[in-house]
Amino acid sequence: MQQLEVLTTPGRPAALVGDVRRLAVLRANALGDYIMAIPALDALKRAYPGARLTLLGTAWHAAFLTGRPGPVDDVVALPPISGVSTLESGHPVPDGLCERLREHAYDLVVQIHGGGRFSNPFVRRLGARVTAGMRAPGAESLDRWLPYTDYHHDTLRFLQVAALVGAVGGELEARVAITRDDRAELARALGSPPRGLVAVHPGARDPRRRWPVERFAEVADALGRPVAVTGTPEEKDLVMGVVTAMRRPAIPVVGTLGIGALAALYERCDLLIANDTGPRHLAAAVGIPTVAVYWCGNLINAGPLSRTMHRPLISWTTACPRCGAPGVQPLAERCPHDDSWVCDVHPDLVLEQAEDLLSRAG
């Protein structure tokens, strides 16, 4: 492996890697994480149009991306590996996995997965001619790397990684293609959604990012539109909490659609109202306006990069509402409480932005 130790000049991409036919990118986590990486994946595909781009992801990536137009040609679904494809501890790299991946003979492997404590050693074991990615203090280096810093928007961070290997960014807003199969699955599950539909997504993986279900219901009722409330099976209580709190009828959509069909549903909506969560990124990526409640720290790393169609409402809570434990220092230990950190966002503010976006859509 070449020991290039390249840090690019700010604003200037590094040289392309020569003769790249097999390119792998490590990004093996959740839906929103993948969507924020799409602009970097697009840039890499444009820079290496003759290369086969493999995403080192997980099973859901394989199910969602196989046969879907986009920068990814194929997916290797990794098993659970701590710090690489799962947040859970106790999952070492399985015996023989890296040896099997080395048989693919990757010319270039790009790590857009984090600071590299676990991911960089994994990437180095794949035997690529050149590796590139991020490096937090104390992590192993790759051939071409840039420092991993906290509070940096992930889309911009990943585009900087792409620039390490000569890939120049284009669009900042991700786009996801919807297929005929996606629309057919939606039709089988829900028929034809009503015109003027507004979607509400009250879930979020971290409970601290969840706006109260009663407030989603209040805003949805005030809009006077048909409403679909979406969520995963694990979020059924949140979905039904919104539905039962509403005065108007709403359509619960819980675990009945795959990611592609959910994208097809959002495509038929005039607006999504949500927390900071993967489905918000998905809705934006299929081209509909969004209004979302964000905690201030998450807005920096994962908020929308434009405001024409996407309106974040920001909570400035900086400490746990129950115990006062600080939350803005990246290395601060997380307290055990799951109370919402975004309750200071008033429903009137969300309603105002939702009505403005709907009025602009005509």
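Just above sits the structure.
Residue numbers run consecutively from 1 along every chain, following the written order of its sequence. With pLDDT at 70 or above as the cut-off, local features in this predicted model cover only qualifying residues; side-chain atom pairs require 80 or more to be listed or tallied, and sums for whole chains, interfaces and linings still use all residues. Calculation of side-chain values draws on the structure's entire complement of heavy atoms; hydrogens and water are dropped beforehand.

### Describing the sheet that holds strand E12 (residues 310–315)
When DSSP finds two or more bridges between a pair of strands, those strands are recorded as paired. By the criteria applied, helices consist of DSSP H or I runs no shorter than four residues and strands consist of E runs no shorter than two, each listed in order from the N terminus. Read from one edge of the open sheet, six strands run E9-E8-E7-E10-E11-E12, paired in parallel fashion. What marks the edges here is a single partner per strand, and that holds for strand E9 (251–254) and E12. Neighbour-to-neighbour, the strand axes of this sheet turn through a mean angle of 20°, independent of strand direction. In this sheet, strand E10 (residues 271–275) lies alongside strand E7 (residues 198–201) in parallel orientation, the contact comprising four bridges. When the sheet's bridge partners are listed, His201 is paired in E10 with Ala274. In this analysis, axes come from line fits to C-alpha atoms, helices being fitted only over the stretch in contact, and the angle between any two N-to-C directions falls in the range 0 to 180 degrees.

### Notes on the environment of Thr155
In this structure, Thr155 sits in helix H5 (residues 154–163). A C-alpha to C-alpha distance of 23 Å links Thr155 and Arg208, two positions 53 residues apart in sequence. Those residues in contact with Thr155 that sit more than four places away from it in its chain are Met36, Pro39, Leu172 and Leu305. Two residues qualify as a contact provided that any one of their heavy atoms is within 4.5 Å of a heavy atom in the partner residue.

### Focus: the nonpolar core
In plain words, nonpolar cores are sets of buried Ala, Val, Leu, Ile, Met, Phe, Trp, Tyr and Cys residues tied together by side-chain atoms within 4.5 Å. Buried residues are those whose accessible area, probed at 1.4 Å on protein chains only, stays under 20% of the maximum for their type, while exposed residues exceed 50% and partly exposed ones sit between those limits. Of all hydrophobic cores here, the largest spans 58 residues; its most connected members are Leu23, Leu44, Leu108 and Tyr266. A per-element tally of this core places helix H1 (residues 31–47) first, with nine residues. Contact partners of Leu108, with chain neighbours within four places excluded, come to Val17, Val20, Arg22, Leu23, Ala24, Tyr48, Ala128, Val130 and Val165. Core analysis: the next-biggest nonpolar cluster, separate from the first, contains 35 residues, Val200, Val243, Val291 and Val345 among them.

### Notes on the environment of Lys45
Mapped onto the secondary structure, Lys45 falls in helix H1. In protein, a polar contact requires one atom able to donate a hydrogen and another able to accept it; more generally it is a pair of N or O atoms within 3.5 Å, and residues adjacent in sequence count only if both atoms are side-chain atoms. For Lys45, the side chain forms a polar contact with the main-chain oxygen of Ala51, separated by 2.9 Å.

### Some remarks on the sheet that holds strand E6 (residues 144–147)
What links the strands of a sheet is backbone hydrogen bonding, and the strands pair in either a parallel or an antiparallel sense. The parallel open sheet is built from six strands, whose spatial order is E3-E2-E1-E4-E5-E6. In this open sheet, the two strands that pair with only one neighbour each are strand E3 (74–77) and E6. Along the sheet, successive strands turn relative to each other by an average axial angle of 15°, direction set aside. The pairing of strand E5 (residues 130–135) with E6 spans four bridges and is parallel. Residue pairing in the sheet places Ala132 in a bridge with Arg144 of E6. Taken strand by strand, H1 contacts strand E1 (22–26), strand E2 (52–57) and strand E4 (108–111), and its axis lies near 155° from that of E2. Set on the sheet, H5 makes contact with E4, E5 and E6; between it and E5 the angle comes to about 150°.

### Points about the packing of H1 against H5
Running from N to C, H1 and H5 point in directions that differ by 30°, and their axes come no closer than 8 Å. For the element pair H1 / H5, the angle class is roughly parallel. Where H1 crosses over H5, the two elements pack in a sense that is right-handed. For the pair formed by H1 and H5, the contact residues are Asp33, Met36, Ala37, Pro39, Ala40, Ala43 and Leu44 on the first element and Asp154, Thr155, Phe158, Leu159 and Ala162 on the second. Angles are sorted into four bins: roughly parallel if under 35 degrees, roughly antiparallel if over 145, roughly perpendicular if 65 to 115, and oblique for all others. The handedness criterion is simple: a crossing whose near helix is rotated anticlockwise from the far helix by less than a right angle is left-handed, and one whose near helix is rotated clockwise is right-handed.

### A short note on a nonpolar patch on the surface
Distance thresholds for patches are 9 Å for like charges and 5 Å for nonpolar side chains (Val, Leu, Ile, Met, Phe, Trp, Tyr), applied to residues having over 30% relative accessible area and no salt bridge. To be clear on the numbers: accessible area is Shrake-Rupley with a 1.4 Å probe, and residue cover counts the displayed protein chains and nothing else. Here, a salt bridge means any Lys or Arg side-chain nitrogen found within 4 Å of an Asp or Glu carboxyl oxygen. A contiguous nonpolar patch, built from Leu156, Leu172 and Leu305 and spanning about 220 Å² of accessible area, is present on the exposed surface. Mapped onto the elements, Leu172 comes out in the loop between H5 and helix H6 (180–190).

### Examining the pairing of E5
With five of six residues buried, E5 is to be regarded as a mostly interior element. Two strands pair when backbone bridges link them, and E4 and E5 are joined in this way by four bridges, in the parallel orientation. For Val110, the partnering residue across the bridge sits in E5 and is Ala132. With the strands aimed away from the viewer, a crossover counts as right-handed if its path from the first strand over the helix to the second runs clockwise. You can see the chain leave E4, run along helix H4 (residues 119–124) and come back into E5, and the turn it takes is right-handed.

### So, the packing of aromatic side chains
Working definition: a ring pair exists when centres of Phe, Tyr or Trp rings (six-membered ring for Trp) sit within 6.5 Å. Plane angles under 30 degrees give stacked, over 60 give edge-to-face, the rest tilted. Inspection of every chain in the model, using the stated rule, returns four aromatic pairs. A ring pair is formed by Trp60 and Phe64, whose centres lie 6.0 Å apart and whose planes are at 35°; its orientation type is tilted. Taken together, the residues span about one helical turn, with Trp60 and Phe64 both in helix H2 (residues 59–65) at a distance of four residues. Assessed through its relative accessible area of 21%, Trp60 is described here as partly exposed. An angle of 90° between the planes, with centres 5.1 Å apart, marks the rings of Trp211 and Phe216 as edge-to-face. Each of the two residues, Trp211 as well as Phe216, counts as buried. Ring-pair connections join several aromatic residues into one group, and the members of that group are Tyr34, Trp60 and Phe64. A positively charged side chain is recorded as over a ring if its NZ (Lys) or CZ (Arg) lies within 6 Å of the ring centre. The angle to the ring normal must also be within 35 degrees. Across from the ring centre of Tyr148, 4.2 Å away, lies the NZ or CZ of Arg157, which sits over that ring. Stacked on the ring of Trp341, the Lys or Arg Arg208 has its end atom at 5.8 Å from the ring centre.

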